[in-house]
Amino acid sequence: MAAAGMKIMVGCKRVIDYAVKVRVRPDKTGVVTEGVKHSMNPFDEIAVEEAVRLREKKLAGELIAVSCGPKECGETLRTALAMGFDRAIHVEINDPKVYETLSPLHVSKIFAKLVEKEKPGLVILGKQAIDDDCNQTGQMLAGLLRWPQATFTSKLSVNGDSADITREVDGGLETIKVSLPAVVTADLRLNEPRYATLPNIMKAKKKPMDKVNPTELGVDLSPRVEILKVEEPPVREAGVKVDNVDELINRLKNEACVI
Amino acid sequence: RRVHGAAEKFSQDQIKPIVREMDNKQTIYPSLLKQLFENGFMGVEIPTKYDGVGANFFSSLLVVEEIARVDPSVAILTDIQNTLINTILLRYGNEQQKSFWLPKLACDTVASFCLSESASGSDAFALKCHAKPQKDGTYLLNGTKLWISNSEQAGLFIVFANTDFSRGYKGITCFLIPRDSPGLSVGKKEDKLCIRASSTCPVHLENVQVSADQILGEVGQGYRYCIELLNEGRVGIGAQMIGLTRGVLDATIPYLKERKQFGQPIWEFQGIQHQVADAMTRLECAKLLTYNAARLRESGAPFVKESAMAKYYSSEVANHVAGKCIEWMGGVGITTDYIVEKFFRDAKIGSIYEGTSNIQLNTIAKYLNKW
């Protein structure tokens with residue numbers, strides 16, 4: 001596949017802004033989202049930036065941003081367009097009940113259908129969303145497409161029909177080579193996303209945004225998970241001072257049960 | 001909304017960390033200046049064909065407001081460029097002047113608005129700067145402008161001088177003078193209480209030769225352009241003051257929720273809550289006055305009274321709220337470890353520049369004559 005014309009598809013999830021103090025709803029069914037500042041998932045911003053950089057290096061052609069959710073996701077997509085993307089696809093999910101139980105499996109199935117249609121050479125997703133921390137969509141998508149996957153990517157270089165990738169893993173850094181097309185998930189140190197400048201924001205208004213209905217794609221969005229309860233983490237209690245090492249070991253073993 | 005989001009994100013990420021330093025050093029870092037240009041914040045209303053952003057007046061105000069929320073000194077630089085400089089060129093420049101200067105103003109050149117002098121502040125049209133017509137059609141400019149913002153950085157000076165004192169203010173003409181013009185020099189920066197990062201210097205004009213094609217608009221119409229522009233500039237100052245007020249509250253409220261006295265956060269005391277509620281209400285009034293003036297301007301309706309009210313009231317609110325914030329913070333409010341004292345100082349300029357509060361009240365009162 002000619003790298004210069006390679007299409008890249010990137011997922012952009014609209015999440016509660018990282019700086020907001022999240023509050024649990026009084027009915028304990030979820031968190032408060034009404035009137036709360038939302039923005040693009042930071043890892044998705046990094047994915048968007050990486051795609052734009054690849055195009056600047058002339059290693060990519062058309063850049064397509066995708067988001068699944070209510071109409072406000074259009075804003076998230078406009079940000080991707082303002083950062084340099086060419087086109088956006090908004091998979092509209094307007095029913096709040098469906099949106100609330102939308103999970104990585106649903107999203108990866110939607111993406112798989114879009115990939116079939118658009119035939120990108122590379123899909124870059126954020127490694128996880130900062131609201132649910134699932135860290136599953138990229139992996140599931142690769143599985144559905146039977147494509148190679150490179151997750152927790154901190155360095156990406158495209159060479160013709162393969163890519164050299166450095167992954168951040170528990171033991172340190174792992175370097176792998178994947179053949180394209182592949183699914184890559186972006187980790188924090190992959191890059192530092194650019195600001196959408198005002199001129200680009202204005203240009204983005206005119207870029208095309210297609211709306212797609214998930215039923216058109218033949219994806220079943222029925223919930224696979226039922227949320228029973230959402231609550232705040234327990235209030236952090238004060239620490240305890242112990243008199244000697246024996247007591248420490250005793251309490252770690254018998255109270256905290258960690259050894 | 002996206003313009004607002006971009007300005008907010010940039011200001012919080014890039015400007016906020018260096019605010020105190022720039023205040024101490026009395027300078028705006030050239031790297032920040034470059035970023036302001038790159039992000040389009042200096043050419044918001046300049047059409048895209050001149051390399052501007054092509055957005056509207058309201059967008060300029062949002063940019064100024066969000067920047068002021070972090071640093072009113074940087075905000076005034078952006079405000080002057082957008083509401084005074086770019087506007088006067090767009091409105092009165094001929095095609096040659098526009099295509100030469102607008103792209104520069106959008107991309108890399110700061111400009112200064114040179115009206116005030118030592119003997120003419122509120123009485124602006126008593127200016128003494130002389131543009132003597134020469135036999136060959138050029139003009140020779142002599143005089144000293146004072147209190148010129150951004151002058152240290154400016155590449156272009158928009159100078160108001162009188163070509164014919166016998167005609168009184170009807171001789172005032174507007175000239176476009178590039179920095180490298182022989183005879184133009186920028187004097188020593190004022191050491192100021194407030195907006196210290198913004199350079200405020202005298203601009204000396206000594207036999208500066210100016211050709212007729214450097215005249216902006218028509219000879220003798222300068223006073224009219226001035227009145228018009230400062231009217232719009234007022235709404236910009238309104239936005240700056242609103243931003244300042246929001247910024248000082250941003251810096252104060254979290255502290256009130258943390259600081260405990262008598263066994264509870266001071267935020268829990270009704271006295272404090274009442275004062276904060278009052279401050280928020282005044283802020284809301286200032287916002288509505290300013291946004292309404294902007295709305296009227298955008299719809300082409302007269303807005304002189306409303307812009308005077310917006311500027312007057314927003315600066316009063318900024319001063320009041322910043323003062324209150326220092327009181328709520330207590331002892332730490334007056335230390336330079338916290339940014340609140342800077343907002344308090346910066347607020348003072350609001351009731352002085354671009355038309356003092358007294359002048360604004362004069363303007364508003366004139367409309368009452370029609371009652």
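Residues numbered from 1 in each chain as written. Chains lettered and ligands numbered in written order. Predicted model: local features only at pLDDT ≥ 70, side-chain atom pairs only at ≥ 80, totals over all residues. Heavy atoms only, no water.

Counting its regular elements, chain B contains 11 helices and 10 strands. The C-alpha atoms of chain B give 21 Å as radius of gyration, which agrees with the globular expectation for 371 residues (21 Å, within 12%). Its C-alpha atoms give chain B principal-axis dimensions of roughly 80 × 50 × 40 Å. When each of the 371 residues of chain B is scored for burial, the buried share is 56%. The contacts of chain B with a sequence gap of at least 6 include a subset with a gap of at least 24, amounting to 74%. Here chain B displays about 15,500 Å² of accessible surface, and carbon together with sulfur accounts for 54% of that area. Averaging the locations of the 41 positively and 39 negatively charged side chains of chain B gives two centres separated by 3 Å. (Helix = DSSP H or I, 4+ residues; strand = E, 2+ residues; numbered from the N terminus. Rg over C-alpha atoms; globule rule 2.2 N^0.38 Å. Buried < 20%, exposed > 50% of the residue type's maximum accessible area, 1.4 Å probe, protein only. Contact = heavy atoms within 4.5 Å. Areas by Shrake-Rupley, 256 points an atom, 1.4 Å probe, with all protein chains shown as cover. Lys, Arg positive; Asp, Glu negative; His and termini not counted. Charge placed at Lys NZ, Arg CZ, Asp CG, Glu CD.)

Turning next to the nonpolar core. Within soluble globular proteins, side chains that are nonpolar tend to cluster in buried spots. Ile8 of chain A together with Leu32 and Leu36 of chain B are the most contacted members of the largest nonpolar core, which has 79 residues in total. Leave out the neighbours within four places in its chain, and Leu32 of chain B touches Phe10, Ile15, Ile18, Met22 and Val74 of chain B. (Core = buried A, V, L, I, M, F, W, Y, C linked by side-chain atoms within 4.5 Å.)

What follows concerns the packing of aromatic side chains. With the rule as written, the count across this model stands at 12 aromatic pairs over all chains. When the centroid spacing of 5.0 Å and the interplanar angle of 90° are considered together, the rings of Phe100 of chain B and Trp101 of chain B count as edge-to-face. Under the relative-accessibility criterion, Phe100 of chain B is labelled partly exposed at 45%. A centroid spacing of 6.0 Å and a plane angle of 75° characterise the contact between Tyr255 of chain B and Tyr338 of chain B, whose relative ring orientation is edge-to-face. Highlighted residues: Tyr255 of chain B in helix α7 (residues 222–258) and Tyr338 of chain B in the loop between α9 (304–329) and α10 (340–350), separated in sequence by 83 residues. Tyr255 of chain B sits in the buried class, given a relative accessible area of 15%. Counting every residue linked through ring pairs, the aromatic cluster contains Tyr195 of chain A together with Phe10 and Phe41 of chain B. Directly above the aromatic system of Phe100 of chain B lies the positively charged group of Lys104 of chain B, at a separation of 4.0 Å from the ring centroid. (Phe/Tyr/Trp six-rings, centres within 6.5 Å; stacked < 30°, edge-to-face > 60°. Lys NZ or Arg CZ within 6 Å of the ring centre and 35° of its normal.)

Right, let's get into the pairing of strand β4 (residues 63–69) of chain A. Residues and elements named next belong to chain A. Of all 7 residues that make up β4, 7 are buried, and the element is covered over most of its length. By the alternation rule, side chains of β4 split into Leu63, Ala65, Ser67 and Gly69 and Ile64, Val66 and Cys68, which are all buried. Pairing analysis gives 4 bridges linking strand β1 (residues 8–11) to β4, with the strands arranged parallel. Across the sheet, residue Ile8 finds its bridge partner in β4, namely Leu63. Bridging between β4 and strand β5 (residues 87–92) involves 6 bridges; their strand directions are parallel. Counterpart to Cys68 in the pairing with β5 is Val91. Handedness of the β-α-β unit built from β4, helix α2 (residues 73–83) and β5 comes out right-handed. (Pairing = 2+ DSSP bridges. Right-handed = clockwise from strand over helix to strand, strands pointing away.)

Contacts between chain B and chain A engage 18 residues on the former and 12 residues on the latter. Summed over both partners, the interface of chain B with chain A buries about 1,300 Å², with 60% contributed by carbon and sulfur atoms. On the chain B side of the interface with chain A, the three residues burying the most area are Arg2, Asn39 and Val53 of chain B, jointly 46% of the side's total. Viewed at the interface, chain A and chain B are joined by 2 salt bridges. Notably, a salt bridge pairs Glu75 of chain A with Arg2 of chain B, separated by 3.2 Å at the nearest N-O pair. Our count for the contact surface shared by chain B and chain A stands at 5 residue pairs in polar contact (both at pLDDT 80 or more). The biggest single contributor to the side of chain B that touches chain A is helix α1 (residues 2–15) of chain B, with 8 residues. Here the residues of the side of chain B that touches chain A sort into 8 nonpolar, 4 polar and 6 charged. (Buried area = accessible area lost by both parts, 1.4 Å probe. Salt bridge = Lys/Arg side-chain N within 4 Å of Asp/Glu carboxyl O. Polar contact = N/O pair within 3.5 Å; in protein donor to acceptor, adjacent residues only side chain to side chain. Nonpolar A, V, L, I, M, F, W, Y, C, P; charged D, E, K, R; others polar.)

Right, let's talk about the packing of α9 of chain B against helix α11 (residues 357–368) of chain B for a bit. All names here are of chain B. Two elements in contact, α9 and α11, have axes whose closest approach is 9 Å; the angle formed by their N-to-C orientations is 145°. In the crossing of α9 with α11, the sense of the turn from one axis to the other is left-handed. Taking contact as the criterion, the partners of Val304, Lys305, Ala308, Met309, Lys311, Tyr312, Ser315 and Glu316 in α9 are, on α11, Ser357, Gln360, Leu361, Thr363, Ile364 and Tyr367. Partitioning the contact of α9 with α11 into residue classes produces 7 nonpolar, 4 polar and 3 charged. (Axes fitted to C-alpha atoms, helices over the stretch in contact; angles between N-to-C directions. Left-handed = near helix turned anticlockwise from the far one by under 90°.)

A few words now on unusual backbone geometry. Between Leu180 of chain A and Pro181 of chain A the backbone carries a cis peptide bond, its omega angle lying at 5°. Relative to the helices and strands, Pro181 of chain A is located in the loop between β9 (172–179) and β10 (182–186). Despite not being glycine, Asn150 of chain B has its phi angle at roughly 65°, a positive value. Take Asn150 of chain B: it is sitting in the loop between β3 (139–149) and β4 (154–162). You can call Asn150 of chain B buried: its relative accessible area is 1%.

Residue and element names in this part refer to chain B. Positionally, Tyr225 belongs in helix α7. For Tyr225 and Arg91, which are 134 residues apart along the polypeptide, the C-alpha to C-alpha distance reads 9.3 Å. When residues no more than four places from it in sequence are discounted, the contact partners of Tyr225 are Ile88, Tyr92, Cys174, Leu216, Gly217 and Glu218.

Moving on, we get to the confidence of the model for chain B. In this model, chain B carries an average pLDDT of 95, and 100% of its residues clear a pLDDT of 70 or more. In the predicted assembly, ipTM is 0.82 and pTM is 0.89. (pLDDT = per-residue confidence, 0-100.)

For the rest of this paragraph, the subject is a nonpolar patch on the surface. A surface patch of nonpolar side chains, about 690 Å² in accessible area, is lined by Val240, Val242, Val245, Leu248, Ile249, Leu252, Val258 and Ile259 of chain A. Along the chain, the position of Val245 of chain A falls in helix α7 (residues 245–254). (Patch = residues over 30% accessible without salt bridge, like charges linked within 9 Å, V, L, I, M, F, W, Y side chains within 5 Å.)

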